[in-house]
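Chain and residue survey
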Amino acid sequence: MQELLPKAKKEFNKLQKRLRRQAGQAIADFNMIQEGDKVMVCLSGGKDSFTLLHLLMGLQKSAPVRFELIAVNLDQKQPGFPEHILPAYLAELGVPFHILEKDTYSIVKEIIPEGKTTCGLCSRLRRGSLYGFAEEIGATKIALGHHRDDLLETLFLNLFFGGSLKAMPPKLLSDDGKNVVIRPLAYCKEKDIATFAQMMDFPIIPCNLCGSQENLQRQVIKEMLQEWDKQFPGRSETIFNAMQNVAPSQLADRNLFDFVGLEAKQKAQLAQRIQLVDAFSHPA
């Protein structure tokens, strides 16, 4: 961590406390970590996963439950990837870690045409490798570094381009039922994480597999949300609150709410009211 002036150090302490409080609240709200859990922290080398590991290590010391942390990095064999940085950093940190080597880079480059978005396939391959490794080492939870902005962006990506009303849940059971995925940074803002990572001077490793890919739909959504926040401060908070305040009867998903059976429900409720009135009008 870089040396900070007194004023900057005060701001850093406030920021760290806020991030730790938000992560702790998310863990508590969604019961993410339980007694005896073995948490595999997926470390990509980016600001989010570095912050996630740092916060979990701090919470581990004060949490009311005991849990184990294991950092795992997936080396995707990208050309020029600095393989020495993460092992050196994690060894100095004193946290148990594994470097998992899988050449997903070649697979992505072979399948995806030049100039097309690589993120979808890359993330699926990465997820499959990490899920399988979690089983191998007996991890009970897989911790990912997605933050509040990621959740909001995914909500609008699915809404605008996928025709579905869903985002990233703070806690998820994988489709095969073998892994529980947690996102302890779900309440944390990306700009806070970016500032914290800079002040901590984490050894950030940029992803050069996909390059800048400025026309990514996610980037467009990110810019839209940022512009909204400039024009209407607090809008992102309101949208995130809406994700936690869902009214199925006010939407149109027939699998989520029984619209077909409304009349039967109405008759049952009316009959119940009549019985209650009769009971009070003609007591035994």
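Everything discussed here concerns the structure shown above.
The structure reproduced in this document is the subject of the present report. (Residues numbered from 1 in each chain as written. Predicted model: local features only at pLDDT ≥ 70, side-chain atom pairs only at ≥ 80, totals over all residues. Heavy atoms only, no water.)

This part takes up the packing of aromatic side chains. Going through the model one piece at a time under the given rule, you end up with 10 aromatic pairs. Pairing Phe196 with Phe202 gives two aromatic rings, centres 6.1 Å apart and planes at 65°, and the pair type is edge-to-face. For the pair formed by Phe196 and Phe202, the shared burial category is buried. Chaining the aromatic ring pairs together yields one cluster made of Phe12, Phe50, Tyr89, Phe196 and Phe202. For the cation-ring pair, Arg235 lies above Trp228, with the distance from its terminal atom to the ring centre recorded as 5.0 Å. (Phe/Tyr/Trp six-rings, centres within 6.5 Å; stacked < 30°, edge-to-face > 60°. Buried < 20%, exposed > 50% of the residue type's maximum accessible area, 1.4 Å probe, protein only. Lys NZ or Arg CZ within 6 Å of the ring centre and 35° of its normal.)

Moving on, we come to the nonpolar core. Counting residues in each nonpolar core, the largest one holds 49 residues, and the members touching the most others are Ile33, Val39, Val41 and Leu56. When near neighbours in sequence (up to four residues on either side) are disregarded, Leu56 contacts Ile27, Ile33, Val41, Phe67, Leu69, Ala143 and Pro184. Membership of the second largest hydrophobic core comes to 15 residues, among which are Cys42, Leu130, Ala134 and Ala139. (Core = buried A, V, L, I, M, F, W, Y, C linked by side-chain atoms within 4.5 Å. Contact = heavy atoms within 4.5 Å.)

Bringing a nonpolar patch on the surface into the picture now. On the surface, a cluster of nonpolar side chains totalling about 580 Å² of accessible area is made up of Leu159, Phe160, Phe161, Leu165, Val246 and Leu251. The residue Leu165 is located in the loop between helix H6 (148-162) and strand E5 (171-173) in this model. Residue class for Leu165 comes out exposed when judged on its relative accessible area of 55%. (Patch = residues over 30% accessible without salt bridge, like charges linked within 9 Å, V, L, I, M, F, W, Y side chains within 5 Å. Areas by Shrake-Rupley, 256 points an atom, 1.4 Å probe, with all protein chains shown as cover. Salt bridge = Lys/Arg side-chain N within 4 Å of Asp/Glu carboxyl O. Helix = DSSP H or I, 4+ residues; strand = E, 2+ residues; numbered from the N terminus.)

Topologically, Lys222 is positioned in helix H8 (residues 217-231). At a separation of 2.7 Å, a polar atom in the side chain of Lys222 contacts the side chain of Glu190. Sequence-distant contacts of Lys222, defined by excluding residues within four places in its chain, comprise Glu153 and Glu190. (Polar contact = N/O pair within 3.5 Å; in protein donor to acceptor, adjacent residues only side chain to side chain.)

What follows is about the sheet that holds strand E3 (residues 97-101). Strand order in the open sheet formed by 6 strands is E3-E2-E1-E4-E6-E5, with mixed pairing between adjacent strands. The sheet is open, and its two edges are formed by E3 and E5, each paired on a single side. If you compare each strand with its neighbour and ignore which way they point, the axes differ by 25° on average. Pairing geometry for strand E4 (residues 141-143) and strand E6 (residues 180-182), over 2 bridges, is parallel. Among the inter-strand pairings, Ala143 is bridged to a residue of E6, identified as Ile182. Each of strand E1 (38-42), strand E2 (68-75) and E4 touches helix H2 (residues 47-62); the most contacted strand, E2, lies at about 165° to it. Helix-sheet contacts for helix H3 (residues 85-93) involve E2 and E3, and the interaxial angle to E3 is about 165°. (Pairing = 2+ DSSP bridges. Axes fitted to C-alpha atoms, helices over the stretch in contact; angles between N-to-C directions.)

Our focus in this paragraph is the layout of surface pockets. Of the volumes computed, that of the second largest pocket is approximately 550 Å³. Around the second largest pocket, the lining comprises 22 residues; the ones closest to its centre are Leu155, Leu165, Lys166, Met243 and Val246. At the level of elements, H6 and helix H9 (235-243) are the ones that each hand at least two residues to the lining of the second largest pocket. Classifying every residue of the lining of the second largest pocket gives 18 nonpolar, 2 polar and 2 charged. (1 Å grid on protein atoms, 1.4 Å probe; cavity = no way out; pocket = protein on both sides within 12 Å on 5 of 7 lines; lining within 4 Å. Points joined across faces, edges and corners; volume = space filled by probe spheres on them. Nonpolar A, V, L, I, M, F, W, Y, C, P; charged D, E, K, R; others polar.)

Looking now at helix H4 (residues 104-111). Looking only at H4, the buried set comprises Thr104, Tyr105 and Val108. Projected down its long axis, H4 shows its buried positions confined to an angular sector of 105°, all on one face. (Arc of directions from axis to C-beta.)

One can find Thr154 in helix H6. For Thr154, a relative accessible area of 9% puts it in the buried group. Looking at Thr154, its side chain comes within polar contact range of the main-chain oxygen of Asp150, at 2.7 Å.

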